Amino acid sequence: MTQFVTYGIDDVFAPGHVGELTQVIPTELVDAVLEETGTRERRLRRLPSRVGVYFVLALGLFEHLGAGLVWGKLVAGLAATVPQTSEKALRDLRRRIGVVPFQRLFQVLAGPLAQPSTPGVRYRRWRTVAFDGCGSLNVPDHERKRSWLGRTPRRHGPSGYPRLMLMTLCETSTRGLITAAFGPASKGETDYAHDLVSHLTSDMLLLADRAFDSNKLLADVVAQGAQLLIRATSTRRPPVLALLPDGSYLTRIGSVRLRVIEAEIRSRTAGDDFGGTYRLLTTLSDHRTDPADHLVGLYHERWEIETAYLALRHTLLKGRVLRSKDPVGLTQEMWALLTVYQALRSMMVTAVETVPGCDPDRAGFTVALEAARDTAVGVAGTTAAATPSGRPDLVGHIGTRVLKALLPKRRMRLSARIVKCGTSRYNIWNRDGRPRDSTPITAIVITVHPPVLPTTHAPDQAASGRWGQVCRILAENSNQAMRARDIAGHLGLIATGRVLSGFNAQLCYWARNGRLIRTAPSTYKLPHPGTLTSSTEP
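Residues numbered from 1 in each chain as written. Predicted model: local features only at pLDDT ≥ 70, side-chain atom pairs only at ≥ 80, totals over all residues. Heavy atoms only, no water.

Bringing the overall build of the chain into the picture now. Looking only at helices and strands, one finds 19 helices and 18 strands in the chain. Sorting the 538 residues of the chain into buried and exposed places 48% on the buried side. Relative to all contacts within the chain whose residues are 6 or more apart in sequence, the contacts with residues 24 or more apart total 66%. For the chain, the computed accessible surface area is about 25000 Å², with 51% contributed by carbon and sulfur atoms. (Helix = DSSP H or I, 4+ residues; strand = E, 2+ residues; numbered from the N terminus. Buried < 20%, exposed > 50% of the residue type's maximum accessible area, 1.4 Å probe, protein only. Contact = heavy atoms within 4.5 Å. Areas by Shrake-Rupley, 256 points an atom, 1.4 Å probe, with all protein chains shown as cover.)

What follows is the structure, given as structure tokens:
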């Protein structure tokens, strides 16, 4: 059995810590990952691999500092005199360790963070999760990066820096990461989403924006056994199979049977009200246990992943360009950043769960980050790193700081989504009339609009006669596909071969003109109300 080197504060392993975060990323875990990936040193060096792992993690914790200054942070509070090393030696250390240990370390830490009883984590028996992409991570403008990532085209020319696309699956309330993938932005969010679907489980409810409503992605999510609540694009017109009492209706997209909720959401402020129409697709088909207005309100939780990207992009990175200049270093840096982010979220959730009834979204990421930086320097950081086998403090310095500065409960506010850049297409802030500054919302009104029956869309001359009778028969049968013989029976026609042949020819004519959908031989249904034509009967 492999014998790990003992941890001592007076030897070369002393700089191997990240302050109090070492409780989440203990030395035993780092040693096991190095052993598993075959990156452990073969002989004892002045810069062991374990120290290198913690150094790269510290680079993510102190993203605004250079490598030499970050090393100074790690050794500042040590009682022993640690030789000062050069930046070249630190760079060679990073290259010697490589990418795989950090990817594996993130995989070990990634996953849901909250207990099932933690407030705001679950909807009924499902844990709410969301995925989305972040395409605003800038990397150094170097030839090796441009050949890999390319440069994003803009209205006034290519972007100044190559950009990395990050795609994550996130637990909504805690904003902890379940899995992640990144690479060139040219691949697209939907392609990255397919890489993350395999991490969904049957106890999860997926929330996603309208970019993720493709037929294949919907089928893949359902195949994993997970539930979904995804906004559909405005051009999608699913057929109405059955109308439910709460105004929603059942449909089928590809091989997946779904429920559709069409609702208008109006946010009222002191001066005006604003809103829009949403079309949501969900596998929760029972209107009694999952009312339409409840699901519309639940969809708002999808925005928690945007808050996660805000913490990662603007709080942890401070909007800076990533430091690595080659693809291997960049990949290593990204996995290290995600590992540090997940460790911080873990500490925050652990602290909040000591307060009964406290929602994890009240924990401030900035407070936790600054507290973690403080523990990485000085006596507090040294003590946390020097006793990895001692009994961990569930709250500690980071948790105490977080609990003292809990954010207030979620306030309903409204503000414009703008980018303050003269060359950005998003710099027109008042295109929808929203206020520029954050404005309190006095009320939110959700109105579920049931689909309009096809007969109300047809013109008067088309609604009368045989066409109107066929429309009413299909509508009364929840627009289920019906055979021509059954429709003729409802009309009272004599079921002779000649009569059925002529009636089927009439139905075929309406199908060719887009007024009916032919689902099988001699089987028809009405199209979505918005696709009905206004032609008259021949």
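Text resumes after the structure shown.
Here the structure, examined in full by the defined rule, presents 20 salt bridges. For R401, the salt bridge goes to D374, with nearest N and O atoms at 3.2 Å. Here the residue R401 occupies a position in helix α14 (residues 396-404), and D374 occupies one in helix α12 (residues 365-375), the gap between them amounting to 27 residues. When its relative accessible area of 39% is taken as the criterion, D374 is described as partly exposed. Among the charged side chains, a salt-bridge network with shared partners connects D31, E35, R40 and R50. (Salt bridge = Lys/Arg side-chain N within 4 Å of Asp/Glu carboxyl O.)

Taken in spatial order, the three strands line up as β16-β18-β17 in an open sheet, and their pairing is antiparallel. Edge strands, defined here as strands with exactly one partner in the open sheet, are β16 (482-483) and β17 (517-520). Pairing between β16 and strand β18 (residues 523-525): two bridges, direction antiparallel. Note that in β18 the partner of R483 across the bridge is T523. (Pairing = 2+ DSSP bridges.)

Take the environment of V340 next. Secondary-structure assignment places V340 in helix α11 (residues 327-352). In the structure, V340 is positioned 283 residues away from L57 in sequence and 6.4 Å away in space, judged by C-alpha atoms. Setting aside its immediate chain neighbours within four residues, V340 contacts L57 and L61.

Positive phi, normally seen in glycine, also occurs at R124, with a value near 55°. Along the polypeptide, R124 turns up in the loop between β1 (122-123) and β2 (126-138). With relative accessibility at 42%, the residue R124 sits in the partly exposed group. With a phi angle near 55°, K318 is a residue other than glycine that sits in the positive phi range. For K318, the position within the fold is in the loop between α10 (304-316) and α11.

Buried within helix α4 (residues 87-97) we find L90, L93, R94 and I97. The buried residues of α4 occupy one face: seen down the axis, they fall within an arc of 100°. Seen from the open side of α4, the exposed residues pointing more than 90 degrees away from its buried face are K88 and R95. Looking at the buried residues of α4, the elements they touch are α2 (49-61), α3 (67-75), α5 (100-109) and α11. (Arc of directions from axis to C-beta.)

Let's shift gears to empty space enclosed by the protein. This model, assessed by the stated rule, comprises three cavities of 30 Å³ or more. Each pocket or cavity is described by its volume, and for the largest cavity that value is around 40 Å³. A per-class count over the lining of the largest cavity returns five nonpolar, two polar and three charged. (1 Å grid on protein atoms, 1.4 Å probe; cavity = no way out; pocket = protein on both sides within 12 Å on 5 of 7 lines; lining within 4 Å. Points joined across faces, edges and corners; volume = space filled by probe spheres on them. Nonpolar A, V, L, I, M, F, W, Y, C, P; charged D, E, K, R; others polar.)

A volume near 460 Å³ is recorded for the second largest pocket. Lining the second largest pocket we find 19 residues, and of these R91, R94, R323, S324 and D326 sit closest to its centre. Those elements giving two or more residues to the lining of the second largest pocket turn out to be α2, α4 and α11. With five residues, the single largest contributor to the lining of the second largest pocket is α4.

This part covers the packing of α2 against α11. The geometry of α2 relative to α11 is characterised by a closest axis approach of 8 Å and an angle of 75° between their N-to-C directions. With respect to each other, α2 and α11 are oriented roughly perpendicular. On α11, the residues touching V56, L57, G60 and L61 of α2 are Q332, A336, L337, T339 and V340. By residue class, the composition of the contact of α2 with α11 is six nonpolar, three polar and no charged. (Axes fitted to C-alpha atoms, helices over the stretch in contact; angles between N-to-C directions. Parallel < 35°, antiparallel > 145°, perpendicular 65-115°, else oblique.)

When a strand is regular, its side chains alternate between the sheet's two faces. Across three bridges, the pairing between strand β8 (residues 227-231) and strand β12 (residues 273-282) is antiparallel. Bridge pairing in β12 places I230 opposite L281. Examined bridge by bridge, strand β11 (residues 256-268) and β12 share ten bridges and lie antiparallel to one another. Bridge pairing links S267 to F274 in β12. Between the antiparallel neighbours β11 and β12 lie four residues.

Attention now goes to the nonpolar core. With 94 residues, the main nonpolar core has L21, I25, F55, L57, L166, M334 and L338 as its most contacted residues. Among the elements that take part in this core, α11 stands out by supplying 13 residues, more than any other. With residues near it in sequence (within four places) discarded, F55 still touches A67, V70, W71, L74, L90 and R94. With 30 residues, the next largest nonpolar core counts I178, L200, L217 and I253 among its residues. (Core = buried A, V, L, I, M, F, W, Y, C linked by side-chain atoms within 4.5 Å.)

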